[in-house]
Amino acid sequence: MEDCLAKKMEITVSEAEKRTGRNAMNMQETYTAYLIETRAVESQNEGQCAPVDSLWRRYSEFELLRNYLSVTYPHIVVPPLPEKRADFVWHKLSADNMDPDFVERRRIGLENFLLRVASHPVLCQDKMFYSFLTQEGGWKEMVNETGFQLKADSRLKALNATFRVKNPDKRFTELKHYSDELQSVISHLLRVRARVADRLYGVYKVHGNYGRVFSEWSAIEKEMGDGLQSAGHHMDVYAASIDDILEEEEHYADQLKEYLFYAEALRAVCRKHELMQYDLEMAAQDLTSKKQQCEELATGTVRTFSLKGMTSKLFGQETPEQREAKIKVLEEQIQEGEEQLKSKNLEGRDFVKSAWADIERFKEQKNHDLKEALISYAVMQISMCKKGIQVWTNAKECFSKM
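Fair warning: this is a prediction, and the values are worked out from it, not measured in the lab.

1. Considerations on the overall build of the protein chain
The helix and strand inventory of the protein chain stands at 13 helices and three strands. Evaluated residue by residue, the protein chain yields a buried proportion of 40% over its 402 residues. Within the protein chain, counting contacts between residues at least 6 apart in sequence, those at least 24 apart form 74% of the total. Surface exposure of the protein chain reaches about 23800 Å², of which carbon and sulfur atoms provide 53%.

Rendered as structure tokens:
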């Protein structure tokens, strides 16, 4: 971790800007661009003020970077991007992806994504990631020239592999099940939170009605007027405070959402392993088939029914020379198949070793982050309750002085 990029470079997504341009179809579109600023840490440690480098990136470029990392490092739980459109929101927040509040939260999420990658012991060393931070022009072309799209596994192939793997690795099966459960639990938690936030918003705003009524009442009372007016003021302040509170709460919700999306990143690693296992089993099956064909040709016996066997019986047997030629071709294919199987076994073992090392790293990170987020959320709720108690304590004092 001492060598990770996050230790050598300060990375911030400092602002977001709404822009208008033309897309690949030459149609007018409105999009948001994000300003990435980087500064070398070494110069600052030496007492010098390091210059800030900056460039603009669109959300689609962040998506391209993440796709590249996912394909290039299949064994790694690649950090997720923040949501493209708002979800699990309370009614005051807009679900529009151009809404300023949502854009600001997404800016924070994109910065968090870059810091996650820059802190990862493997991903931080990737040249394309470094270029993403430092080279604005021609970056997309550089990434596409790596040919990573050709390596991308077909979704259909991956889906088929899930159902056709004969000997799935129990650990990856359990991990996939865990990621499904984690996603389900966090989704439910976010929905509950949104409903609670809605109700809190209503309760706080209704206190504004107390303020209005106490203020109107104070106008017709001589002895009680000052106390009612003061109590009404406390209620108005309390009602107005909910906007800042729920914006802060939305920040904690975004921390939970990150792990909602991390669940899909975990499943992606499991799917890649299933695909490797499927390819391994197909290679082993093909090798067994070729060995059987070779044995049948060598002994002149056919163990299983085949159209080829029926054809030989109907139209005569092959000459010894033809059989020898076929045996020779099969022996060469068997040798190639054995080398291929050995290579796939090694590749599979390396994948499992690397994947589990990264999964263990991810688990530690997850436990630490979610514990901190939940504690912070509880502290915020306690603070809100104390604020409510204080408001009514103040109101009680106002009433006592009447």
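2. Points about the packing of aromatic side chains
Going through the model one piece at a time under the given rule, you end up with 14 aromatic pairs. Geometrically, the ring pair formed by Phe132 and Trp139 is edge-to-face, given 4.9 Å between the ring centres and 70 degrees between the ring planes. Overall, the relative accessible area of 0% leaves Phe132 in the buried class. An aromatic cluster is present here, built from Phe62, Phe113, Phe132 and Trp139 joined pairwise through their rings. Directly above the aromatic system of Trp56 lies the positively charged group of Arg19, at a separation of 4.5 Å from the ring centroid. Positioned above the aromatic ring of Phe132 is the side chain of Arg57, whose terminal nitrogen or guanidinium carbon lies 4.8 Å from the ring centre.

3. Points about helix α5 (residues 127-134)
Within α5, the full set of buried residues consists of Met128, Phe129, Ser131, Phe132 and Leu133. Where α5 starts, the residue carrying a side-chain oxygen 2.8 Å from the main-chain nitrogen of Met128 turns out to be Asp126.

4. Some points on the pattern of salt bridges
The final tally for this structure, using the stated rule, is 26 salt bridges. A salt bridge links Arg193 to Glu250, with the nearest nitrogen and oxygen atoms 3.3 Å apart. Here Glu250 lies in helix α11 (residues 242-299) and Arg193 lies in helix α9 (residues 170-218), a separation of 57 residues in the sequence. Neither residue differs from the other here; Arg193 and Glu250 are each classed as buried. Three or more residues are tied together by salt bridges with common partners; here these are Glu83, Arg105, Arg193, Glu249, Glu250, Asp254 and Lys257.

5. Brief notes about a negative patch on the surface
On the surface, a cluster of negative charge is contributed by Glu321, Glu324, Glu331, Glu332 and Glu336. Along the chain, Glu331 falls in helix α13 (residues 320-400). For Glu331, a relative accessible area of 45% gives the class partly exposed.

6. Topic: the sheet that holds strand β1 (residues 9-22)
Taken in spatial order, the three strands of this open sheet run β1-β2-β3, and their pairing is antiparallel. Looking at the sheet topology across the chains shown, the edges are occupied by β1 and β3 (53-58). Ignoring which end each strand starts from, the neighbouring axes of this sheet average 25 degrees apart. Note that β1 and strand β2 (residues 28-40) share 13 bridges and pair antiparallel. Residue Glu15 lies in a different strand from β2, and its bridge partner there is Leu35. Packing of helix α3 (residues 59-72) onto the sheet brings it into contact with β2 and β3, and relative to β3 it is tilted by some 90 degrees. Running at roughly 135 degrees to β1, helix α4 (residues 100-119) makes contact with β1 and β2 of the sheet.

7. Re empty space enclosed by the protein
Inspection of the entire model under this criterion finds one cavity of 30 Å³ or more. Approximately 40 Å³ is the volume attributed to the largest cavity. Val165, Pro168, Asp169, Phe172, Thr173, His273, Glu274 and Gln277 are the residues that line the largest cavity. Listing elements by their share of the lining of the largest cavity, those giving two or more residues are α9 and α11. Here the lining of the largest cavity gets three residues from one element, more than from any other, and that element is α11. Here the residues of the lining of the largest cavity are counted per class, giving three nonpolar, three polar and two charged.

8. A word on the nonpolar core
The nonpolar side chains of a soluble globular protein tend to be buried with one another. One finds Phe62, Leu114 and Leu133 to be the most contacted residues of the largest nonpolar core, which totals 33 residues. When residues of this core are traced back to their parent elements, those giving at least two are β1, β2, α3, α4, α5 and α6 (139-145). Those residues in contact with Leu114 that sit more than four places away from it in its chain are Ile11, Val13, Ile36, Phe62, Leu65, Phe129, Phe132 and Leu133. Counting residues in hydrophobic clusters, the runner-up holds 22 residues, among them Val77, Ile186, Leu256 and Ile359.

9. Looking at the packing of α4 against α11
Contact geometry for α4 and α11: axes closest at 11 Å, N-to-C directions at 45 degrees. Classified by the interaxial angle, the pair formed by α4 and α11 is oblique. For the pair α4 and α11, the sense of crossing is right-handed. From α4, Asp101, Arg105, Asn112 and Arg116 reach across to α11, where they touch Glu247, Glu250, Asp254, Lys257, Glu258, Tyr259 and Tyr262. Taken together, the residues of the contact of α4 with α11 break down into two nonpolar, one polar and eight charged.

Calculation rules
The residue numbers shown here count from 1 along each chain, following its written sequence. In keeping with the predicted nature of the model, local features appear solely for residues at pLDDT of at least 70, side-chain atom pairs appear and are counted solely at 80 or more, and the whole-chain, interface and lining totals rest on all residues. The side-chain figures draw on all heavy atoms in the structure; neither hydrogens nor water molecules are used. Here a helix means four or more residues in a row that DSSP labels H or I, a strand means two or more in a row labelled E, and each is numbered from the N terminus. Only protein chains enter the accessibility calculation, which uses a 1.4 Å probe. A residue is then buried if its area is under 20% of the maximum for its type, exposed if over 50%, and partly exposed in between. Contacts were defined at the residue level, with two residues in contact if any of their heavy atoms lie within 4.5 Å. For accessible areas, the Shrake-Rupley method is used with a probe of radius 1.4 Å. Any residue's cover is judged against the shown protein chains and nothing else. Each aromatic pair joins two rings of Phe, Tyr and Trp (for Trp, the six-membered one) with centres within 6.5 Å, and gets the label stacked for planes under 30 degrees apart, edge-to-face for over 60, and tilted for any other angle. Geometrically, a lysine NZ or arginine CZ counts as sitting over a ring once it is within 6 Å of the ring centre and also within 35 degrees of the ring normal. Any pair of nitrogen or oxygen atoms within 3.5 Å is treated as a polar contact; in protein, a donor-acceptor pairing is required on top of that, and neighbouring residues in sequence qualify only through side-chain atoms on both sides. Between Lys or Arg on one side and Asp or Glu on the other, a salt bridge is scored when a side-chain nitrogen of the former is within 4 Å of a carboxyl oxygen of the latter. Patches here are clusters of residues that have more than 30% relative accessible area and form no salt bridge, with a 9 Å joining cutoff for like charges and a 5 Å cutoff for nonpolar side chains (Val, Leu, Ile, Met, Phe, Trp, Tyr). Lys and Arg are tallied as positive, Asp and Glu as negative. Neither His nor the chain termini are counted. For this purpose, a charge sits on NZ of Lys, CZ of Arg, CG of Asp or CD of Glu. Strands are treated as partners if at least two bridges between them are detected by DSSP. Note on definitions: angles span 0 to 180 degrees between N-to-C directions of axes, and those axes are lines fitted to C-alpha atoms, for helices only across the stretch in contact. Every definition here rests on a 1 Å grid over the protein atoms only: cavities are sets of points where a 1.4 Å probe fits but cannot get out, pockets are open sets enclosed by protein on both sides within 12 Å along at least five of seven lines, and lining residues have some atom within 4 Å of a point. Grid points are joined across faces, edges and corners, and a volume is the space filled by probe spheres set on the points. When residues are grouped by polarity, Ala, Val, Leu, Ile, Met, Phe, Trp, Tyr, Cys and Pro land in nonpolar, Asp, Glu, Lys and Arg in charged, and all others, Gly among them, in polar. Take the buried Ala, Val, Leu, Ile, Met, Phe, Trp, Tyr and Cys residues and link them wherever side-chain atoms come within 4.5 Å; each set so joined is a nonpolar core. Relative orientations are named as follows: roughly parallel for angles under 35 degrees, roughly antiparallel for angles over 145 degrees, roughly perpendicular for angles from 65 to 115 degrees, and oblique for any other angle. Two helices cross in a left-handed way if the nearer one is turned anticlockwise from the farther one by less than a right angle. They cross in a right-handed way if the turn is clockwise.

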